[in-house]
4 protein chains.
Amino acid sequence: MEQDAAKRAKTETEMVVDNNDFLVISDDANHPANLIPSLCAKFWTLGWVTGTGGGCSIRDEVRDLVYIAPSGVQKELMKPLDLYVLELSKQVDLKNRVYLRSPPGGRPSQCTPLFLAAFTKRGAGCCIHTHSHWAVLVTLILESQGPGNDKMFEINNIEQIKGFGRGFQKSGNLDYHDTLRIPVIENTSHEEDLTEFLEEAMDKYPDTYAVLVRRHGVYVWGDNVHKAKTMCESLDYLFQLAVEMKQLGLPWISNVEKVITSSGR
Amino acid sequence: MEQDAAKRAKTETEMVVDNNDFLVISDDANHPANLIPSLCAKFWTLGWVTGTGGGCSIRDEVRDLVYIAPSGVQKELMKPLDLYVLELSKQVDLKNRVYLRSPPGGRPSQCTPLFLAAFTKRGAGCCIHTHSHWAVLVTLILESQGPGNDKMFEINNIEQIKGFGRGFQKSGNLDYHDTLRIPVIENTSHEEDLTEFLEEAMDKYPDTYAVLVRRHGVYVWGDNVHKAKTMCESLDYLFQLAVEMKQLGLPWISNVEKVITSSGR
Amino acid sequence: MEQDAAKRAKTETEMVVDNNDFLVISDDANHPANLIPSLCAKFWTLGWVTGTGGGCSIRDEVRDLVYIAPSGVQKELMKPLDLYVLELSKQVDLKNRVYLRSPPGGRPSQCTPLFLAAFTKRGAGCCIHTHSHWAVLVTLILESQGPGNDKMFEINNIEQIKGFGRGFQKSGNLDYHDTLRIPVIENTSHEEDLTEFLEEAMDKYPDTYAVLVRRHGVYVWGDNVHKAKTMCESLDYLFQLAVEMKQLGLPWISNVEKVITSSGR
Amino acid sequence: MEQDAAKRAKTETEMVVDNNDFLVISDDANHPANLIPSLCAKFWTLGWVTGTGGGCSIRDEVRDLVYIAPSGVQKELMKPLDLYVLELSKQVDLKNRVYLRSPPGGRPSQCTPLFLAAFTKRGAGCCIHTHSHWAVLVTLILESQGPGNDKMFEINNIEQIKGFGRGFQKSGNLDYHDTLRIPVIENTSHEEDLTEFLEEAMDKYPDTYAVLVRRHGVYVWGDNVHKAKTMCESLDYLFQLAVEMKQLGLPWISNVEKVITSSGR
């Protein structure tokens, strides 16, 4: 066992020399290189990153660094040494990136340009992409409502809506009565080709913190890890609720005020 | 790693000095300041406190202290040092509290006056608030039955009903045949504004140990942590069962006696 | 911390003296007093023993001892010192038991006479009682089919049926094509009063390893812990499948042979 | 405790002598004898190997060895010493195997010849068999569509489809638009009798990485553990989605292109 540990340590040292591994080695549990694996393991248990699907990226604003989960790795087994790192300000083109660190044998995530779009267009500190089947079902239910009614998920009068910020560079959160609106973009064969549609949606709906991708999943971002993660959880809660409401024949949009009045309260 | 530990220890010591942290530092796993984080972590895995929603508060009757989970914290990551503490008997107004301990950078939970109402009006030792989507769905199903039929969840003839006490200052638990009745109050934009409606429901239904909040969740309390937690679990079990019964077209209220007779037993 | 450990050790020593605690203290993970808590913790995560409901008992045939989970304890927190122990052959009346060991402040489980019935009438080595809501829903679906069709759960042509033994003192397991039949008894206000109905069902269906209790849950037993636990899991799997089949309009009983023939295979 | 450990070590040493146990003892977490138990424990939490159902086998190509989970063991408790080992090239007949290692008191898995079929006919490195109830429900839904429409599960235009390889000795994965097709074979009373039907399906659908077994579960294989496990996860995700789509009245096959055009995008 000790021999193994020694061997492992040696291998890691070599990698540091070759590959800027010092960027992803830290004793601090809150370092992005430690946070991404622990978040992805948690997301795996939630069914968000099944079968290597989905991913997560964190931006360190002070050091201009972006840490990204690799492609094709079992998300619950990810290690800090699996991560990619790049300098955000030095990227000329979101689709042709220069990496500061690439894990040997790794493949960069196809989600990378979408994560970078959240960082550059929204100043986000963290972006999460899930394949949650609740998200996929919501896009399928919308699709079944026919063209014209399939590009926007809307729900109101649910307490969990208060988990969302009012929008980009606005302070405070949505109210219970507010309608949460999440735009839906169509899926593409290559995930990178989603980038322009994601950016289009960001332009059209400047205050949204999330974009649904039809038959695919959802992208959620926030100013920091805490905000992105808790909004992603709240959104998944609302998607699940929406599917269950649909199964029970209950509408997603309601005017509770009227109900209260007519019941004589 | 050792440096980190030293740093952390130092920070904690400073906090104790500044902030009555001694109130939340204990080696006893059953100390309220240790119980609240471990309960909240468990509740997170049950989907009760998704995205910082929900919370938990414990009263130490002997020392007149109330321990409260903070607002906006990821519930599965909560630490004892995140907790608020106040002296119950010294509160003049449930909405304007004086805290014995406030964590630096923390925000007190909007649920606080509702927790305090359970302690002052019911002598409860613990109060739990969940956003369980089973609770929310039950209130939505009731709402869909129209005004007049939407203010009370009722179920009978289910064994798990025996998990509930008969009521305030009564001994013993409900029987299997008894009808469990949980009142529903309407949600408000600000959680603190629920307080008067919660108190109203407590006055109107003196024996209830729980109040549903429409499109929001449920408040459950008990004489101690054990009773509040196990009643909250039993209630969530019944809410889930009720939703599944609804999906299968089965009624929540039945007269099993009749069925037994007519089947000739 | 060390003081605490010392204090705890001392308390435990005192208890041993007072209370035959040596019967439940063992370093062997497979000792019944260690198995029951670890099983109950597992059952809690499966939703089988929510809110102190359900339970588990193991018989040590060689030493004529029966170990029983107590009433009213949070099942995921149970400790060996919470357990009751009695000598099986010395019980004159299943309803009035003499305990070799009673935990201080504990309450014996109301399930005790039902567990003992499985041991005395079937020679079982382990009996498990769950409140699984899949079991409850199956009894409710049967009840909705009206008197005469509500006393027996039947399913066939599902591979998991092979997880069941052919019956009492018979060797081998059921076949895939066999129909698994689980009798349903009506619930009573006091769990102990179920005993005679359970014994009646055992007499009427001598080969069954389980009895459903309407609107309550299920009792499952087996020759040893392994068999009781794996049959309980297989049964819960089948109950869940049966509920989902009902939601999809699929029948529980089928004649697959016909289907194969008519499709020309 | 120490005595116990000594006793256990001695027992293990004896077993090594008797039984080629050295084949399953390794400090390397990625050794097949360690991977199978850890995978099975994970599969148990996913509900894939409930009540000893299902299993897993890994082939070590270099050493010509196949490691197989035993029959009748609680999958979440499996240990390396429970495993069977055989030399693949020395097997004359898949149904009459010669084992290099048989655990004392163990029973070889009835799935063994099916696992070996994946290794010999497809050169697979790992094969997983689950009883996932989503898989079973998909076969039941197909069966309810009547003969002629019940032998193939088909779904398209879902992102998770990209988790599947294009086929045997082909490189690359399926596209989002591609239709994933998983053949269904009928169940047999004895699992070993499935072998010829599995091989038949492999011949008829040379590119499939999985075969559904009606009312039973699914077999999934891949070039290595990573591919088999992630394809199995992706497939279970798609089966769950398909059942939920059915409950919501949504079709499994769609032509998204048309929808996009008609909505004027």
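Rules of the game
- Residues numbered from 1 in each chain as written.
- Chains lettered and ligands numbered in written order.
- Predicted model: local features only at pLDDT ≥ 70, side-chain atom pairs only at ≥ 80, totals over all residues.
- Heavy atoms only, no water.
- Contact = heavy atoms within 4.5 Å.
- Buried area = accessible area lost by both parts, 1.4 Å probe.
- Salt bridge = Lys/Arg side-chain N within 4 Å of Asp/Glu carboxyl O.
- Polar contact = N/O pair within 3.5 Å; in protein donor to acceptor, adjacent residues only side chain to side chain.
- Helix = DSSP H or I, 4+ residues; strand = E, 2+ residues; numbered from the N terminus.
- Axes fitted to C-alpha atoms, helices over the stretch in contact; angles between N-to-C directions.
- Parallel < 35°, antiparallel > 145°, perpendicular 65-115°, else oblique.
- Left-handed = near helix turned anticlockwise from the far one by under 90°.
- Nonpolar A, V, L, I, M, F, W, Y, C, P; charged D, E, K, R; others polar.
- Buried < 20%, exposed > 50% of the residue type's maximum accessible area, 1.4 Å probe, protein only.
- Least-squares fit on C-alpha atoms with pLDDT ≥ 70 in both.
- Phe/Tyr/Trp six-rings, centres within 6.5 Å; stacked < 30°, edge-to-face > 60°.
- Lys NZ or Arg CZ within 6 Å of the ring centre and 35° of its normal.

Undergrad: Tell me about the interface of chain B and chain C, residues and numbers included.
TA: Taken residue by residue, the interface counts 32 residues in chain B and 39 residues in chain C. Taken over both partners, the interface formed by chain B and chain C buries close to 2,900 Å², and the fraction arising from carbon and sulfur atoms is 56%. At the junction of chain B with chain C, the criterion picks out two salt bridges. A salt bridge links B:Lys229 to C:Glu76; its shortest N-O distance comes to 2.3 Å. For the pair chain B and chain C, the interface holds 19 residue pairs in polar contact (both at pLDDT 80 or more). Those elements that provide at least two residues to the side of chain B that touches chain C are helix 6 (225-247) and helix 7 (256-262) of chain B. Take the side of chain B that touches chain C: its biggest share by element is eleven residues, from helix 6 of chain B.

Undergrad: Hey, could you go over the packing of helix 3 (residues 112-122) of chain A against helix 5 (residues 194-204) of chain A for me, with residue numbers and the actual values?
TA: All names here are of chain A. Helix 5 packs onto helix 3 with a crossing angle of 30 degrees between their chain directions and a minimal axis gap of 9 Å. Here helix 5 runs roughly parallel to helix 3, going by the angle between their axes. For the crossing formed where helix 3 meets helix 5, the hand is right-handed. Residues Pro113, Leu114, Ala117, Ala118, Lys121 and Arg122 of helix 3 pack against Leu194, Thr195, Leu198, Glu199, Met202 and Asp203 of helix 5. Split by residue class, the contact of helix 3 with helix 5 holds seven nonpolar, one polar and four charged.

Undergrad: Got a sec to walk through the pattern of salt bridges? Specific residues and values, please.
TA: Enumeration over the complete set of coordinates arrives at 76 salt bridges over all chains. A salt bridge links A:Lys162 to A:Glu159, with the nearest nitrogen and oxygen atoms 3.0 Å apart. Neither A:Lys162 nor A:Glu159 differs from the other in exposure class; each is buried. A salt bridge links B:Arg215 to B:Glu143; the shortest N-O distance between them is 2.9 Å. Placement of the pair is B:Arg215 in the loop between strand 7 (210-213) and strand 8 (217-222) and B:Glu143 in helix 4 (residues 133-144), with a sequence separation of 72 residues. B:Glu143 sits in the buried class, given a relative accessible area of 14%.

Undergrad: Which residues make up the relation of the copies chain D and chain A, and what are the values?
TA: By a simple turn and slide, chain D fits onto chain A: the slide is 0.0 Å along the axis, the RMSD is 0.0 Å, and the turn is 90 degrees. Here the transformation between the copies is reduced to the relation of a four-fold axis. Closest approach to the rotation axis among the C-alpha atoms of chain D is made by D:Gln247, whose C-alpha sits 5.5 Å away. A different interface surface on each copy is seen, since only 3% of the contact residues of chain D are contact residues in chain A too.

Undergrad: Requested: an account of the packing of aromatic side chains, with residues and values cited.
TA: Tallying each qualifying case throughout the model produces 20 aromatic pairs over all chains. Consider the rings of A:Phe153 and A:Trp252, whose centres lie 5.2 Å apart with planes at 65 degrees: the pair is edge-to-face. Of this pair, A:Phe153 sits in strand 5 (residues 152-156) while A:Trp252 sits in the loop between helix 6 (225-247) and helix 7 (256-262); the two residues are 99 residues apart in sequence, bridging distant segments of the chain. Of the two residues, A:Phe153 and A:Trp252, both sit in the buried class. Each residue in the set A:Phe153, A:Phe239 and A:Trp252 is aromatic and connected to the rest through ring pairs, giving one cluster. B:Lys42 extends its terminal NZ or CZ atom over the ring of C:Trp44, reaching a point 5.3 Å from the ring centre.

Undergrad: Let's hear about the interface of chain D and chain A: which residues, and what values?
TA: At the junction of the two partners, chain D supplies 32 residues and chain A supplies 39 residues. Between chain D and chain A the total buried area reaches about 2,900 Å² when both faces are included, carbon and sulfur atoms providing 56% of it. The interface formed by chain D and chain A includes two salt bridges. D:Lys42 is the partner of A:Glu76 in a salt bridge, and the nearest nitrogen-oxygen pair spans 2.6 Å. Summed over the shared surface of chain D and chain A, the number is 19 residue pairs in polar contact (both at pLDDT 80 or more). Within the residue set of the side of chain D that touches chain A, elements represented by two or more residues are helix 6 (225-247) and helix 7 (256-262) of chain D. Class assignment of the residues belonging to the side of chain D that touches chain A gives a composition of eleven nonpolar, twelve polar and nine charged.

Undergrad: Hey, could you go over the relation of the copies chain B and chain C for me, with residue numbers and the actual values?
TA: In screw terms, the move from chain B to chain C is a rotation of 90 degrees and a rise of 0.0 Å along the axis, fitting with an RMSD of 0.0 Å. Little of the interface of chain B is mirrored in chain C, where only 3% of its interface residues again form contacts.

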